[in-house]
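So the chains spell out like this:
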Amino acid sequence: MNDWWKGSAIYQIYPRSFFDSNNDGVGDLGGIVAKLDYVASLGVDGIWISPFFTSPMADHGYDIADYRDVDPVFGTLEDFDVLVAKAHRLGLKVIIDQVYSHTSENHAWFEESRQSRDNPKSDWYVWADPKPDGSAPNNWQSVFGGISWEWESRRRQYYLHNFAKQQPDLNYHCEALQEEILDTARFWLERGVDGFRLDAVNLLYHHKDLLDNPPSRPGDMAFLGTEGPQRPYFYQAHDHDHTQPETIAFLERLRKVTDSYGARFMVGELGAPFETCVDYTKGEGRLHTCYSFPLLVCSELNAELVREFVQPWNGVDAWPSWAFSNHDVTRALSRFSQEGNETFAKLLNALLLCLRGTVFMYQGEELGLVQAHVPMESIEDPLALNTDSPGASRDGCRTPMPWSKGAANSGFSQAKPWLPVDPRHDATAVDQQDGDPASILNFTRRLLRLRKQHPALKAGSLKFIDAPVGLLLFVREHEGERLICGFNLTSGALAYELEASSDLLELDLGTSLSDGVVRVLPFGAFIAQ
């Protein structure tokens, strides 16, 4: 089997905000096609496209009403075929989001299921009788706030929704539902996709007995970096509403389907501790990797933390993945309180692209974008609207990509965009950075070239070595090539004595070598061969 995904760099595209090809204010598949040459110029190995399927957009595409069609706002199935063909001509793999844990309430399956208790799809969703007093079946809480249950008068039952009430949960204890989902995967594999990013994959199954969740225990959500309960959801230990043992058996079935199409790839979004991530990805028959959370949610970055997150993956029969940003979290520069620090933006990309594993880079990270300011009246995110908490909004990382400085909406669209463009992003637009050798964009391109040129960076082992406080050091080694990667995660200069006959690979990030000693300026980085 071709393990092309091992060590690959995947560029995440949030289609609503990438590029608008028909000037209706919303990005689309045609916009992705128009900008694929730019993506290929970065040097990434593939793209992951967030949902573009038929949807009423209660959660901007993560509430799917038809798994096998494209929402008109994004284009058509033919547009998708054009996208896949062009991506493959450019040498890019295509990964698409698959949201298998729930659908939209507007999905034909749910519209049928909710009508009665004895229709052909009556058990395709999670239904439960009320308690004798009419209240919800148990104490489960929704990620988006409030209880996880919504009343349906036609069935005189509650349905489960782990997210918004417009997103009813599918019932994987139903064999017919499983078969339909597997057929959905085949539909997209037949259209040429190279793999799936599986959304909320550990939420597929629930405990059949609908047992109450116990109160959260110390450390239950430590992998999410939470500093305490932010919503009722975080007051519970989610022992019974997700991460059930049956999930792995279904993933093994799904893996057999993907493997039957050749060198395909499955990465799961797995909000779970390290041990669970390994369990879901170990061996040859489960997920290829899982989308890790620690670097996505931590609010500080130091050598000790990175070592704590990365070290456990050494010596286990499982492959890690890493990202600093995506469509659900505050952009990394803002999260680490480093807005305006171009050197720190380069450092983050250097660290990401030197780690062992598959790496995911969110659109705009190559430009050093900060979290956008979205006024209260423009907020679209259901998480913020459902919890009445503007601070919970994910819109700030979802605003349009800036392509051209000074152009209308920074070149994203001629029409008013679905979210406003942050004026600070205009100065970092692609056209401003493209011709500047010292830009974050071109620095990132050089890094991606280095990752491809040096097998140790893409496929090598990783071993941490002792270093001065604040300096993160590890060795990447593969088939005789040995590289030392160093990152100064402090605001002070540091020095390190290299091994004899070491040379620095050109990174231009605050380092100099003299008499075998490499000096690293604040937030500098180096790779020594």
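An account of the accompanying structure is given in this report. Keep in mind that this is a model prediction, so the values were computed, not measured.

**Considering the overall build of the protein chain**
Item 1. Scanning the protein chain for helices and strands turns up 15 helices and 21 strands.
Item 2. Relative to a compact globule of 529 residues, whose C-alpha radius of gyration would be 24 Å, the protein chain shows 23 Å and is just as compact.
Item 3. For the C-alpha atoms alone, the extent of the protein chain along its principal axes is close to 80 × 50 × 45 Å.
Item 4. Intrachain contacts of the protein chain at a sequence separation of at least 6 include 67% that bridge at least 24 residues.
Item 5. The protein chain carries 47 positive and 74 negative side-chain charges, and their two centres are separated by 2 Å.

**Focus: the pattern of salt bridges**
Think of it this way: side chains of opposite charge can pair up when their charged atoms draw near.
Item 1. Here the structure, examined in full by the defined rule, presents 30 salt bridges.
Item 2. Residue Glu365 pairs with Arg331 through a salt bridge whose shortest N-O separation is 2.7 Å. In this pair, Glu365 is assigned in the loop between strand S13 (358–362) and helix H11 (382–387) and Arg331 in the loop between strand S12 (321–322) and helix H9 (332–335), connecting sequence segments 34 residues apart.
Item 3. Assessed through its relative accessible area of 10%, Glu365 is described here as buried.
Item 4. A single salt-bridge network, built from bridges that share partners, covers Asp59, Asp328, Asp381, Arg394 and Arg398.

**A short note on the environment of Trp313**
Item 1. Along the polypeptide, Trp313 turns up in the loop between helix H8 (303–310) and S12.
Item 2. On the basis of relative accessibility, which here comes to 4%, the residue Trp313 falls in the buried class.
Item 3. In sequence terms Trp313 and Glu275 are 38 residues apart; their C-alpha atoms lie 10.0 Å from each other.

**Topic: the side chain of His454**
Item 1. Structurally, His454 can be placed in the loop between helix H14 (440–453) and helix H15 (455–459).
Item 2. The residues contacting His454, other than those within four sequence positions of it, are Glu481, Leu483, Leu505 and Gln529.

**Considerations on the packing of helix H1 (residues 29–42) against H14**
Item 1. Where H1 contacts H14, the two axes come as close as 8 Å, and the packing angle between them is 60 degrees. The orientation of H1 with respect to H14, classified from their angle, is oblique. Seen from H1, the contacting residues are Tyr38, Ser41 and Leu42; seen from H14, they are Leu441, Arg445 and Leu448.
Item 2. For the contact of H1 with H14, the per-class residue count stands at 4 nonpolar, 1 polar and 1 charged.

**Description of the packing of aromatic side chains**
To describe a pair of aromatic rings, you give the distance between the ring centres and the angle between the ring planes.
Item 1. According to the stated counting rule, one finds 36 aromatic pairs in the structure shown.
Item 2. Consider the rings of Trp5 and Trp319, whose centres lie 6.5 Å apart with planes at 80 degrees: the pair is edge-to-face. Placement of Trp5 in the segment before strand S1 (9–13) and of Trp319 in the loop between H8 and S12 is noted, with a sequence separation of 314 residues between them.
Item 3. In this structure Trp5 comes out as buried when scored by relative accessible area, which is 6%.
Item 4. Residue class for Trp319 comes out buried when judged on its relative accessible area of 7%.
Item 5. Centre to centre, the rings of Trp109 and Trp124 are 5.2 Å apart; their planes meet at 75 degrees, and the pair counts as edge-to-face. Here Trp109 is found in helix H3 (residues 108–113), whereas its partner Trp124 is found in the loop between H3 and strand S6 (127–128), with 15 residues between them in sequence. Across the pair, Trp124 and Trp109 agree in class, each one buried.
Item 6. By way of ring pairs, the aromatic residues Tyr11, Phe18, Phe19, Tyr38 and Trp403 are connected into one cluster.
Item 7. Stacked on the ring of Phe19, the Lys or Arg Lys35 has its end atom at 4.6 Å from the ring centre.

Rules of the game
For every chain, the first residue of its written sequence is number 1, and the numbers climb from 1 along that sequence. Restriction of local features to residues with pLDDT of at least 70 applies here, the model being predicted, together with a cutoff of 80 or more for giving and counting side-chain atom pairs; totals for whole chains, interfaces and linings are based on all residues. The side-chain figures draw on all heavy atoms in the structure; neither hydrogens nor water molecules are used. Secondary structure counts use DSSP, requiring at least four H or I residues in a row for a helix and at least two E residues in a row for a strand, with both numbered from the N terminus. Restricting the calculation to C-alpha atoms gives the radius of gyration, and the globule rule supplies 2.2 Å times the number of residues raised to the power 0.38. Here a residue-residue contact requires only that any non-hydrogen atoms of the pair lie within 4.5 Å. Note on charges: Lys and Arg go in the positive column, Asp and Glu in the negative column, and His and the chain ends are not counted at all. Note on charges: their place is set at NZ of Lys, CZ of Arg, CG of Asp or CD of Glu. The working definition used for a salt bridge is a side-chain nitrogen of Lys or Arg within 4 Å of a carboxyl oxygen of Asp or Glu. Whether a residue is buried, partly exposed or exposed follows from its accessible area with a 1.4 Å probe, protein chains only, as a fraction of its type maximum: under 20%, in between, or over 50%, in that order. Throughout, an axis means a line fitted to C-alpha atoms (over the contacting stretch in the case of helices), and angles, computed between N-to-C directions, take values from 0 to 180 degrees. Roughly parallel means an angle under 35 degrees; roughly antiparallel, over 145; roughly perpendicular, 65 to 115; everything else is oblique. Amino acids are sorted into nonpolar (Ala, Val, Leu, Ile, Met, Phe, Trp, Tyr, Cys and Pro), charged (Asp, Glu, Lys and Arg) and polar (every other residue, Gly among them). Geometry of aromatic contacts follows a simple scheme: Phe, Tyr and Trp rings, the Trp one being its six-membered ring, pair when their centres are within 6.5 Å, and the pair is stacked under 30 degrees between planes, edge-to-face over 60, tilted otherwise. Put simply, a charge is over a ring when the Lys NZ or the Arg CZ is close to the ring centre, within 6 Å, and near the line of the ring normal, within 35 degrees.

Note that every value here comes from positions in space, so none of it alone points to a role or purpose.
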